[in-house]
Amino acid sequence: MTLSRILSKFALISTAMACAGLTTVASMAPSPDEAAGGPRGLETSYLSFRVHPEAGGYEIVDKAGGVVWRSNPRFPRFGEVTVTVDGRSQRLDLIRGQVESAGNGLKLTFHPLPSLPQALVVVSVQPVAEGKGLQFAYTAGPEVPLESIRLLDDALGTTDAEHGYVVAPARMGLLVPARRGVNFTHTFDTYDYEGCHMAMWGVVKNGAAALITWDDPYVALELKSELQATGDPAGIQVLATSLELRKSAKSFRLRFLGRGDYVTLAKAYRQVAAERGWLATWGEKLQGHPERAKLFGAINYKLWALLDREMDLTSTKEEVAKVNWTFAEAAQVAEHLKSDLKLEKVLFIMGGWTHRGYDNQHPDILPANPECGGNPGLAECARRVMQLGYVFCLHDNYQDIYRDSPSWNEDLIMKQPDGSLAKGGHWWGGQAYLTCSLKALELAKRPQNLAAVKEITNANAYFIDTTYAAGLQECSDPAHPLTRADDMKWKQAISDYARQVFGIFGSEDGREWAIPHSDFFEGLTGVEGTWFHNKELLKETGGVSIPMFELVYRDCVALYGKYGFDISRSADYVFYHLSIGRTLNYHEIPPHLYWKEVAPSPAPGEGTMVARKDPALFTRADHGWAEGLHPMDRFVKNTYEILSPLNELTAEAPMSEHQFLTPDYQVQRSVFGGGDSQAVVVVNTGSANYSTHSSLGGNIVLPPGGFLIEAPTFLAFHAASWNGLAY
């Protein structure tokens with residue numbers, strides 16, 4: 001049967017079902033072609049699925065979206081398995097499957113090992129979501145030495161001719177358009193570092209959106225981009241998705257959303273997140289803990305390392321020992337922010353307060369290091385900072401342990417499958433080893449750890465480094481084995497404990513599974529003043545950062561970037577935070593009482609405001625009251641005055657809309673909330689003027705580096721013309 005005849009048949013059946021008022025799913029009886037060995041399928045009111053038994057390829061007609069989604073067009077197979085044969089990994093095609101009806105769906109039985117005909121892989125395809133989607137699941141017999149299985153195998157292709165793109169939920173989100181002319185293959189593992197921060201994936205072509213979701217952390221997505229001169233599918237650049245299931249991962253869901261875009265994908269996934277229990281909003285988190293609202297509008301101001309002590313790899317030789325701030329100086333920094341810069345909303349974080357300094361001798365953190373003032377100095381610092389109304393937060397770590405730590409014990413450490421110790425990074429304390437997350441909780445609960453810190457400081461927030469950043473780990477120690485799911489469980493448990501002790505808790509980067517257990521993430525919105533830690537990711541993929549995480553979880557958690565950056569080249573980083581309504585991270589603060597020292601002023605802006613963006617824009621205060629301030633203070637003050645009020649107004653509101661207003665993705669419009677209380681932000685990071693409309697300013701012109709923020713009680717803009725007045 002030709003594709004056109006299949007489509008016609010699908011349309012007739014769909015019309016008949018709609019006329020009869022049927023919305024339930026139904027499996028089709030075999031057609032004459034099917035009975036003769038042709039395609040077998042299932043049908044719902046919203047989609048049709050057809051599989052070719054001999055080869056295994058399939059196609060899905062998305063009726064609402066008006067498109068056809070296909071399996072791998074180059075290799076007509078259903079998928080691929082990786083098995084262990086004679087101690088070596090071997091890839092085998094899933095072809096020539098037996099297809100039979102199973103309830104409303106299909107069951108496909110494959111024999112991937114010719115030498116073992118009794119070794120079966122059985123795949124189930126069942127309609128879900130009231131017929132708007134399909135669940136793919138598999139079982140493998142004990143005779144199959146399975147390592148992994150790909151049930152999406154270079155599938156769901158979308159091209160430049162189809163105006164296609166793929167959405168990967170790495171950090172805030174990555175949109176990869178099929179029109180950038182690049183070849184690449186990139187894997188995004190579930191909850192890995194810059195992998196999938198949410199268990200979802202999206203594909204869009206010809207204005208139709210498909211959403212992939214899964215529940216297990218042993219799922220990895222692969223995105224492949226290939227350039228071709230001609231061929232099928234039509235188009236020069238083809239983006240194809242593969243999904244690999246390993247270990248406990250047995251299924252995924254593919255839902256067709258009809259006409260839509262990445263915002264449609266995010267809103268559909270928000271419903272999935274709510275069903276999973278990840279969508280814990282501020283409305284829930286503030287119950288019994290109103291102090292968490294202090295994060296609304298708060299900047300992340302971090303004295304990264306009060307004491308910088310750097311050891312050699314073996315943790316036996318001290319190479320650097322430097323005090324950047326004493327505890328008394330840290331308190332003066334906070335008081336300077338309040339009295340001189342007039343900042344009201346600050347998350348004030350201190351690292352390097354521990355006994356041996358930053359990233360040294362964890363988990364043995366107390367007494368506080370004497371170089372900075374010891375326990376009395378730390379207690380007095382905490383009192384002075386919290387007296388300002390600020391959130392006082394201490395930076396700690398329970399994943400890394402060092403050989404010179406008094407608590408060093410190999411029984412605490414994760415083990416590799418061969419029994420060796422699991423290594424972490426080479427940090428300031430030397431070679432770190434990874435504490436098993438179950439043991440990490442036990443260490444944090446020791447009376448000399450979090451409970452003692454609370455007693456000394458009465459701090460109202462705590463930050464445990466790396467907990468959410470490093471990806472889910474495994475431990476092969478028979479005394480405390482861990483799967484990825486176990487690691488998640490114990491990391492959630494240590495988060496809950498810290499939150500119970502201090503009230504407010506945060507960790508590095510952030511993942512959706514951490515949202516019900518924390519209040520802020522540090523690192524999700526950017527790294528070192530840009531979008532991703534992998535500085536080549538956008539170039540490699542031709543992608544653009546999009547606020548997918550924001551569209552799903554904005555009203556659930558406070559988000560920040562991490563690490564220091566060059567404030568004289570930071571304008572785009574600020575504009576990005578404007579577009580998502582988030583405050584900045586200030587993590588490269590000059591040491592000691594920096595504002596009392598003479599500092600160089602930034603170079604004058606190049607060209608005119610209209611002609612060229614000024615990367616140092618937010619360090620300037622020409623003819624303003626901040627003109628004589630230290631450049632860091634000018635930067636903090638300028639960015640605070642626009643980002644803090646915006647975030648405070650919108651922290652509890654979802655991001656309801658987001659769109660790129662120009663084909664080059666350089667002009668963005670974001671909407672937070674809705675109705676009379678909504679806030680609208682337009683940002684121009686392009687090289688040309690952009691004209692738009694303001695409800696208060698009329699027709700306005702935003703220059704390169706221009707922006708508009710409009711809310712019922714807050715207005716800010718950087719414009720070349722406003723209300724008929726040219727600047």
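Presented here is an overview of the structure given in this document. (Residues numbered from 1 in each chain as written. Predicted model: local features only at pLDDT ≥ 70, side-chain atom pairs only at ≥ 80, totals over all residues. Heavy atoms only, no water.)

1. Some details on the packing of helix α12 (residues 571–580) against helix α13 (residues 631–650)
Angle between the axes and distance between the axes are the two parameters that describe a pair of packed helices. One can describe the packing of α12 onto α13 by two numbers: an axis separation of 9 Å at closest approach and a directional angle of 15°. Classed by the angle they form, the pair α12 and α13 counts as roughly parallel. Note on packing geometry: the crossing formed by α12 with α13 is right-handed. Seen from α12, the contacting residues are Val574, His577 and Leu578; seen from α13, they are Phe635, Thr639, Ile642, Leu643 and Leu646. Across the contact of α12 with α13, the residue classes break down as 6 nonpolar, 2 polar and no charged. (Axes fitted to C-alpha atoms, helices over the stretch in contact; angles between N-to-C directions. Helix = DSSP H or I, 4+ residues; strand = E, 2+ residues; numbered from the N terminus. Parallel < 35°, antiparallel > 145°, perpendicular 65-115°, else oblique. Left-handed = near helix turned anticlockwise from the far one by under 90°. Contact = heavy atoms within 4.5 Å. Nonpolar A, V, L, I, M, F, W, Y, C, P; charged D, E, K, R; others polar.)

2. Side note on the nonpolar core
In this structure, Phe49, Phe78, Trp201, Tyr301, Phe348 and Tyr553 are the most contacted members of the largest nonpolar core, which totals 184 residues. Counting residues in each nonpolar core, the second largest holds 16 residues, with Leu295, Ile504, Ala558 and Tyr560 among its members. (Core = buried A, V, L, I, M, F, W, Y, C linked by side-chain atoms within 4.5 Å. Buried < 20%, exposed > 50% of the residue type's maximum accessible area, 1.4 Å probe, protein only.)

3. Quick look at the side chain of Ser407
Among the secondary structure elements, Ser407 is positioned in the loop between β25 (400–401) and β26 (423–427). For Ser407, a relative accessible area of 17% corresponds to the buried category. A polar contact is formed between the side chain of Ser407 and the side chain of Arg446, at a distance of 2.9 Å. The residues contacting Ser407, other than those within four sequence positions of it, are Pro363, Asp364, Ile401, Leu412 and Arg446. (Polar contact = N/O pair within 3.5 Å; in protein donor to acceptor, adjacent residues only side chain to side chain.)

4. What about helix α3 (residues 262–276)?
Residues separated by three or four positions in an α-helix point in the same direction, a consequence of the helix having 3.6 residues per turn. Here α3 is 15 residues long and its end C-alpha atoms lie 21 Å apart, about the 21 Å a rise of 1.5 Å per residue gives. Among the residues of α3, those classed as buried are Tyr262, Val263, Leu265, Ala266, Ala268, Tyr269, Val272 and Ala273. With a side-chain oxygen positioned 3.1 Å from the backbone nitrogen of Val263, the residue opening α3 is Asp261. Looking one or two residues past α3, Gly277 carries a phi angle of roughly 90°, positive in sign. (Expected span 1.5 Å × (residues − 1).)

5. Some details on the pairing of strand β20 (residues 299–303)
When you tally the buried positions in β20, you get 5 out of 5 residues, the bulk of the element. Of the pairings in the sheet, the one linking β20 to strand β23 (residues 346–350) comprises 5 bridges and is parallel in character. Residue Asn300 lies in a different strand from β23, and its bridge partner there is Leu347. (Pairing = 2+ DSSP bridges.)

6. Quick look at the environment of Tyr665
Of note, Tyr665 is situated in the loop between β34 (655–660) and β35 (667–672). You can call Tyr665 buried: its relative accessible area is 13%. Residues Tyr665 and Val544 lie 121 residues apart in sequence; the distance between their C-alpha atoms is 7.7 Å. Those residues within four positions of Tyr665 in sequence are excluded, and the remaining contacts are Leu175, Pro177, Arg179, Arg180, Val544 and Phe660. In this structure the side chain of Tyr665 is engaged in a polar contact, spanning 3.1 Å, whose partner is the side chain of Arg179.

7. Some details on α12
Counting buried residues along α12, 9 of its 10 residues qualify, which places the element largely inside the surrounding structure. Among all positions in α12, only Ala571, Tyr573, Val574, Phe575, Tyr576, His577, Leu578, Ser579 and Ile580 are buried. Positioned one or two residues after α12, Gly581 has a phi angle of 65°, which is positive.

8. Considerations on the pattern of salt bridges
Inspection of the entire model under this criterion finds 42 salt bridges. In this structure, the salt-bridge partner of Glu100 is Lys107, at a minimum N-O distance of 3.8 Å. Of the residues examined, Lys107 reaches a relative accessible area of 33% and is grouped as partly exposed. Taking the shortest distance from any N to any O, the salt bridge between Arg276 and Asp215 comes out at 3.1 Å. In this pair, Arg276 is assigned in helix α3 and Asp215 in the loop between β16 (208–213) and β17 (219–227), connecting sequence segments 61 residues apart. (Salt bridge = Lys/Arg side-chain N within 4 Å of Asp/Glu carboxyl O.)

9. A word on the sheet that holds strand β33 (residues 585–586)
With parallel pairing, the 8 strands of this open sheet are ordered in space as β32-β30-β29-β28-β24-β23-β20-β33. Two strands close off the open sheet at either side, each with one partner strand: β32 (558–562) and β33. For β23 and strand β24 (residues 391–397), the ladder comprises 4 bridges, and the chain directions are parallel. Of the residues in β24, the one forming a bridge with Phe348 is Phe392. Sitting on the sheet, helix α5 (residues 327–339) touches β20 and β23, and the angle it makes with β23 is about 165°. Most of the contacts of helix α6 (residues 374–387) go to β24, to which it runs at about 140°, and overall it touches β23 and β24.

10. Points about the layout of surface pockets
Taken as a whole, the largest pocket encloses approximately 790 Å³ of empty space. At 3 residues, β26 tops the list of elements feeding residues into the lining of the largest pocket. Looking at the lining of the largest pocket residue by residue, the class counts come to 14 nonpolar, 10 polar and 9 charged. (1 Å grid on protein atoms, 1.4 Å probe; cavity = no way out; pocket = protein on both sides within 12 Å on 5 of 7 lines; lining within 4 Å. Points joined across faces, edges and corners; volume = space filled by probe spheres on them.)

11. Digging into the side chain of Ser507
When you line up the elements, Ser507 lands in strand β29 (residues 505–508). There is a polar contact of 3.3 Å between the side chain of Ser507 and the backbone nitrogen of Thr467. The residues contacting Ser507, other than those within four sequence positions of it, are Phe463, Ile464, Asp465, Thr466, Thr467, Tyr468, Phe520, Phe521 and Glu522.

12. Things to note about the packing of aromatic side chains
Per the counting criterion, the structure on display carries 34 aromatic pairs. Arranged with centres 6.0 Å apart and planes meeting at 10°, the rings of Tyr301 and Phe348 form a pair that is stacked. Note that Tyr301 is positioned in strand β20 and Phe348 in strand β23, a separation of 47 residues in sequence. There is no split in this pair, since Tyr301 and Phe348 are both buried. One aromatic cluster in this structure is built from Phe49, Tyr58, Phe78, Phe110, Phe136 and Phe252. Over the face of the ring belonging to Tyr193 we find Arg171, whose NZ or CZ atom lies 5.0 Å from the ring centre. The cationic tip of Lys302 hangs over the ring face of Phe463; the distance from NZ or CZ to the ring centre is 4.3 Å. (Phe/Tyr/Trp six-rings, centres within 6.5 Å; stacked < 30°, edge-to-face > 60°. Lys NZ or Arg CZ within 6 Å of the ring centre and 35° of its normal.)

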